[in-house]
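# Descriptive structure summary
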Amino acid sequence: MRIVIQSAVDLGLAVRAVRRHSRVRIDDLAATAGVSKQFTQDVEHGKPTIQFGRMLKVLAELGIP
């Protein structure tokens, strides 16, 4: 699946879609990615000021290149 990301909101929507499609709970994703549940929620809601390195951990955990 190919998604064009043009904003933090677009990225958040993509992360949420992949997580839900994979049937992964948000707290389980946070734990396996080594980030907090709040951080994961911030990502999914498109918060524009998240830490990039931690975002990459979430993406890697979901298998998003």
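All of these numbers come straight from a predicted model, not from anything done at the bench.

### Things to note about the nonpolar core
The nonpolar side chains of a soluble globular protein tend to be buried with one another. One finds Val15, Val18, Leu29, Ala30, Ala33, Val35, Phe39, Val43, Met55, Val58, Leu59 and Leu62 forming the largest nonpolar core, which totals twelve residues. When contributions to this core are tallied by element, the ones reaching two or more residues are α1 (8-21), α2 (26-33), α3 (37-44) and α4 (52-62). The leading source of residues in this core is α4, at four residues. The contact partners of Val43, leaving out residues within four places of it in the chain, are Ala8, Gly12, Val15, Ile50 and Met55.

### A look at the pattern of salt bridges
Considering all chains together, one arrives at five salt bridges under this definition. Put simply, Arg25 and Asp28 hold a salt bridge, and the shortest N to O gap is 3.6 Å. The class of Asp28 is partly exposed, set by a relative accessible area of 38%. Between Lys47 and Asp42 there is a salt bridge, with its nearest N and O atoms 3.8 Å apart. Judged by its relative accessible area of 38%, Lys47 falls in the partly exposed class. Because the salt bridges share partners, they merge into one network encompassing Arg16, Arg19 and Glu44.

### Regarding the packing of α2 against α3
Where α2 meets α3, the closest approach of the two axes is 8 Å, and the angle between their N-to-C directions is 110°. The angle between the axes of α2 and α3 places the two elements in the roughly perpendicular class. Judged by the twist between their axes, the crossing of α2 over α3 is right-handed. Counting all contacts with α2, which are made through Ile26, Asp27, Leu29 and Ala30, the residues of α3 involved are Lys37, Thr40, Gln41 and Glu44. Counted by class, the contact of α2 with α3 contains three nonpolar, two polar and three charged residues.

Criteria and thresholds
- Residues numbered from 1 in each chain as written.
- Predicted model: local features only at pLDDT ≥ 70, side-chain atom pairs only at ≥ 80, totals over all residues.
- Heavy atoms only, no water.
- Core = buried A, V, L, I, M, F, W, Y, C linked by side-chain atoms within 4.5 Å.
- Buried < 20%, exposed > 50% of the residue type's maximum accessible area, 1.4 Å probe, protein only.
- Helix = DSSP H or I, 4+ residues; strand = E, 2+ residues; numbered from the N terminus.
- Contact = heavy atoms within 4.5 Å.
- Salt bridge = Lys/Arg side-chain N within 4 Å of Asp/Glu carboxyl O.
- Axes fitted to C-alpha atoms, helices over the stretch in contact; angles between N-to-C directions.
- Parallel < 35°, antiparallel > 145°, perpendicular 65-115°, else oblique.
- Left-handed = near helix turned anticlockwise from the far one by under 90°.
- Nonpolar A, V, L, I, M, F, W, Y, C, P; charged D, E, K, R; others polar.

Treat this as a map of the structure, not an account of what it does.
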